[in-house]
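Take a look at the letters that make up each chain.
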Amino acid sequence: MAGFNTQLVHGKEIKDNNTGAVNIPVYNSSTYQYPKVGENVRWDYARSGNPTREFLEKQIAQLEHGACGFAFASGMAAIHAAFAIFRPGDHILIGDQLYGGTYRLLNQYFKLQGIAFTTVDTRNLEKVEAAIQNNTKAIYFEPVTNPLLQVTSVREIATIAKRHNLLTIVDNTFLTPYLQRPLELGADLVVHSATKYLSGHSDVIAGLVVAKTAALGQKIYFVQNALGGVLSPESANLVRRGIQTLGVRMEREQQNVAALIEFLQQRPEVVQLNYPGIAGTKDHAIAARECRGYGGVFSFVLDANTDATTFVNNLHLLKLAVSLGAVESLVELPYEMSHAELPPQERIQAGITPQLIRCAIGIEDCEDLIADIRAALAVARKKTAASV
Ligand SMILES: Cc1ncc(COP(=O)(O)O)c(C=O)c1O
């Protein structure tokens, strides 16, 4: 089999036209001609299937080592499809540090459809096992959480799930198949916000689901076709193109993160650094066993003498924005931005304090990123000192 980077660039070749084009065309056709009434056609209507979308679907299935892939109009639509295969009366265990939008979908939508959820710290295997009920059908989690970068073992959760005949569903947005392949570690379904690393340029909203087996894939396909939240051909093409450079972007982003971590470890203003690549923690030990690298996102806590808001407001190269996984570096204050919907008490309890900063690092020159952070720290420090 071709190497992973070769697979990223080429996908599964389909010879569908005679132009010699090296890329799959963007097929902007909503419908397809039948040669004759009653004749079987590969394509009939673009909600049910589109060649550009199918290229991407096969590409992600190949990279995740699954049986089939499905492309949706957003990460949330993909996650919706994964949960839509369950029935009223089912119970699902969910990680306690899920992306906020997922938490909202489960609690404010799927609960009303009769599906029950129990939130559990998936790093605590005894608690996971104890939370399983007679009607439990699945365990859903993010192996690396946001914004604290806590790591759950996919292999250990999948082992518990198998013992109890449950599905393991993993949101692999942060790591991507370049760094971790959950299906190989025992998971059954993988979901992605392809908006992030897979597309990689902050220019498309997209979601993907990969099923380990064709039987599970059929259930996802039913939801995709019946509900219709499909990815457009243009967006499918952008994700396809982004995937081609996933490996080089990830390598570069991780190099930048390593340099930034080294810099921040020397800074007196930084009292805590969260990144699975830092040795000596349980998170690191799990990630070192199950991942090829530690990703492009990290977070850190500033001391009480450094104003976190002033710091982020004075960063110029790192753009103040939610989202992650693109070529440009982004920074955000989870307490004020991505996690502002949680009540203050819950935010603090979860470790999302006003001094916590999250960075998603891009492919710029790391000297420039360091200079930007150094300058903003100086302003944040000075202002606080002046106001005391
Ligand atoms: C881990 C994770 N999963 C899912 C989503 C939702 O994806 P989308 O914004 O593409 O709908 C996000 C978005 O930030 C995310 O970070």
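Residues numbered from 1 in each chain as written. Predicted model: local features only at pLDDT ≥ 70, side-chain atom pairs only at ≥ 80, totals over all residues. Heavy atoms only, no water.

- The name given to the chain in an unreviewed UniProt entry is Cystathionine beta-lyase, and the organism recorded there is Liquorilactobacillus satsumensis DSM 16230 = JCM 12392.
- Comment text from UniProt for the chain, heading Cofactor (unreviewed entry), reads "pyridoxal 5'-phosphate".
- Here is the UniProt Sequence similarities (unreviewed entry) comment for the chain, exactly as written: "Belongs to the trans-sulfuration enzymes family." (UniProt positions renumbered as here; feature names shortened; annotations may be inferred.)

## Digging into empty space enclosed by the protein
Logical step 1: Enumeration over the complete set of coordinates arrives at 2 cavities of 30 Å³ or more.
Logical step 2: Reported here for the largest cavity is a volume of approximately 60 Å³.
Logical step 3: Every residue lining the largest cavity is counted, 13 residues in all, and those nearest its centre are D96, Q97, T122, E142 and T145.
Logical step 4: Quantified by volume, the second largest cavity comes out at close to 40 Å³.
Logical step 5: Around the second largest cavity, the lining residues are V144, L149, F174, L175, Y197, Y294, G295, G296 and V297.
Logical step 6: Looking at side-chain class alone, the lining of the second largest cavity contains 7 nonpolar, 2 polar and no charged residues.
Logical step 7: Taken together, domain 1 (4-244) and domain 2 (246-387) each give at least three residues to the lining of the second largest cavity, which thus spans both. (1 Å grid on protein atoms, 1.4 Å probe; cavity = no way out; pocket = protein on both sides within 12 Å on 5 of 7 lines; lining within 4 Å. Points joined across faces, edges and corners; volume = space filled by probe spheres on them. Nonpolar A, V, L, I, M, F, W, Y, C, P; charged D, E, K, R; others polar. Domains from an automatic or database assignment.)

## As for the pairing of strand β5 (residues 167-171)
Logical step 1: Most of β5 sits inside the fold, with 4 of its 5 residues counted as buried.
Logical step 2: For the crossover from strand β4 (residues 136-141) across helix α6 (residues 154-163) to β5, the handedness is right-handed.
Logical step 3: Pairing of β5 with strand β6 (residues 189-193), which is carried by 3 bridges, proceeds in the parallel orientation. What sits directly across from V170, in β6, is V190. (Buried < 20%, exposed > 50% of the residue type's maximum accessible area, 1.4 Å probe, protein only. Helix = DSSP H or I, 4+ residues; strand = E, 2+ residues; numbered from the N terminus. Right-handed = clockwise from strand over helix to strand, strands pointing away. Pairing = 2+ DSSP bridges.)

## Overview of the packing of helix α3 (residues 75-83) against helix α4 (residues 100-110)
Packed helix pairs are characterised by how far apart their axes lie and by the angle those axes make with each other.
Logical step 1: One way to put it is that α3 packs onto α4 with a least axis distance of 10 Å and a crossing angle of 45°. Taken together, the axes of α3 and α4 lie oblique to each other. Crossing geometry of α3 relative to α4 is assigned as right-handed. Contacts between α3 and α4 involve M76, I79, H80 and F83 on the former and, on the latter, G101, T102, L105, L106, Y109 and F110. (Axes fitted to C-alpha atoms, helices over the stretch in contact; angles between N-to-C directions. Parallel < 35°, antiparallel > 145°, perpendicular 65-115°, else oblique. Left-handed = near helix turned anticlockwise from the far one by under 90°. Contact = heavy atoms within 4.5 Å.)

## A look at the confidence of the model for the chain
Logical step 1: Per-residue pLDDT for the chain averages 96, and the proportion of residues at 70 or more is 98%.
Logical step 2: The least confident element of the chain is helix α14 (residues 366-387), whose mean pLDDT is 85; the most confident is strand β7 (residues 207-211), at 99. (pLDDT = per-residue confidence, 0-100.)

## A short note on the site of the ligand
Logical step 1: Taken together, S74, G75, M76, I79, Y99, E142, D171, T173, S193, T195, K196 and A206 make up all the residues around the ligand.
Logical step 2: Taking T195, its side chain carries an N or O atom lying 2.6 Å from an oxygen atom of the ligand.
Logical step 3: In the complex, 90% of the free accessible area of the ligand, which totals 390 Å², lies under the protein chains.
Logical step 4: Put simply, the ligand lies in the largest pocket.
Logical step 5: Broken down by element, the residue count for the shell around the ligand peaks at 3 residues, all from α3. (Near = heavy atom within 4 Å. Polar contact = N/O pair within 3.5 Å; in protein donor to acceptor, adjacent residues only side chain to side chain. Areas by Shrake-Rupley, 256 points an atom, 1.4 Å probe, with all protein chains shown as cover. Sits in = over half its atoms within 2 Å of the grid points.)

## Points about the pairing of β4
Logical step 1: With 5 of 6 residues buried, β4 is to be regarded as a mostly interior element.
Logical step 2: Here 4 bridges tie strand β2 (residues 91-95) to β4, and the two strands are oriented parallel to one another. What sits directly across from H91, in β4, is T136.
Logical step 3: Looking at chain direction, β4 and β5 are connected through 4 bridges and run parallel. Residue pairing for β5: Y140 is matched across the bridge by I169.

## Quick notes on the sheet that holds β4
Logical step 1: The strand order across the open sheet formed by 7 strands is β1-β7-β6-β5-β4-β2-β3, and the pairing between neighbours is mixed. Both edges of this open sheet fall to β1 (68-72) and β3 (116-120), since each of them pairs with a single strand only. Averaged over all pairs of adjacent strands, the angle between their axes in this sheet comes to 20°, without regard to strand direction.
Logical step 2: Strands β2, β3 and β4 of the sheet are contacted by α4, whose axis makes an angle of about 145° with β3.
Logical step 3: Packing against the sheet, helix α8 (residues 214-227) makes contact with β1, β5, β6 and β7, and its axis sits at approximately 20° to β1.

## Some remarks on the packing of aromatic side chains
Logical step 1: Here the structure, examined in full by the defined rule, presents 11 aromatic pairs.
Logical step 2: Ring centres of F70 and Y221 lie 6.4 Å apart, and the angle between their planes is 40°; on these two criteria the pair is classed as tilted. Pair noted here: F70 is in strand β1 and Y221 is in helix α8, with a separation of 151 residues, a long-range link.
Logical step 3: With 6.0 Å between their ring centres and 65° between their planes, F83 and F117 make a pair best called edge-to-face. Taken together, the positions of F83 in helix α3 and F117 in strand β3 put the pair 34 residues apart, joining distant regions of the chain.
Logical step 4: Joined through ring pairs, the aromatic side chains of F83, F86, Y109, F110, F117 and Y140 make up one cluster.
Logical step 5: Sitting above the plane of the W43 ring, R42 keeps its charged end 4.0 Å from the centroid.
Logical step 6: Over the aromatic face of Y178 sits the side chain of R292, whose NZ or CZ is 4.5 Å from the ring centroid. (Phe/Tyr/Trp six-rings, centres within 6.5 Å; stacked < 30°, edge-to-face > 60°. Lys NZ or Arg CZ within 6 Å of the ring centre and 35° of its normal.)

## Side note on the UniProt feature "modified residue: N6-(pyridoxal phosphate)lysine" (unreviewed entry) in the chain
Logical step 1: When the UniProt feature table is mapped onto this chain numbering, "modified residue: N6-(pyridoxal phosphate)lysine" (unreviewed entry) sits at K196.
Logical step 2: With respect to the helices and strands, K196 occurs in the loop between β6 and β7.
Logical step 3: When its relative accessible area of 15% is taken as the criterion, K196 is described as buried.
Logical step 4: In this structure K196 touches T173, S323, L324 and G325, once residues within four positions along its chain are discounted.

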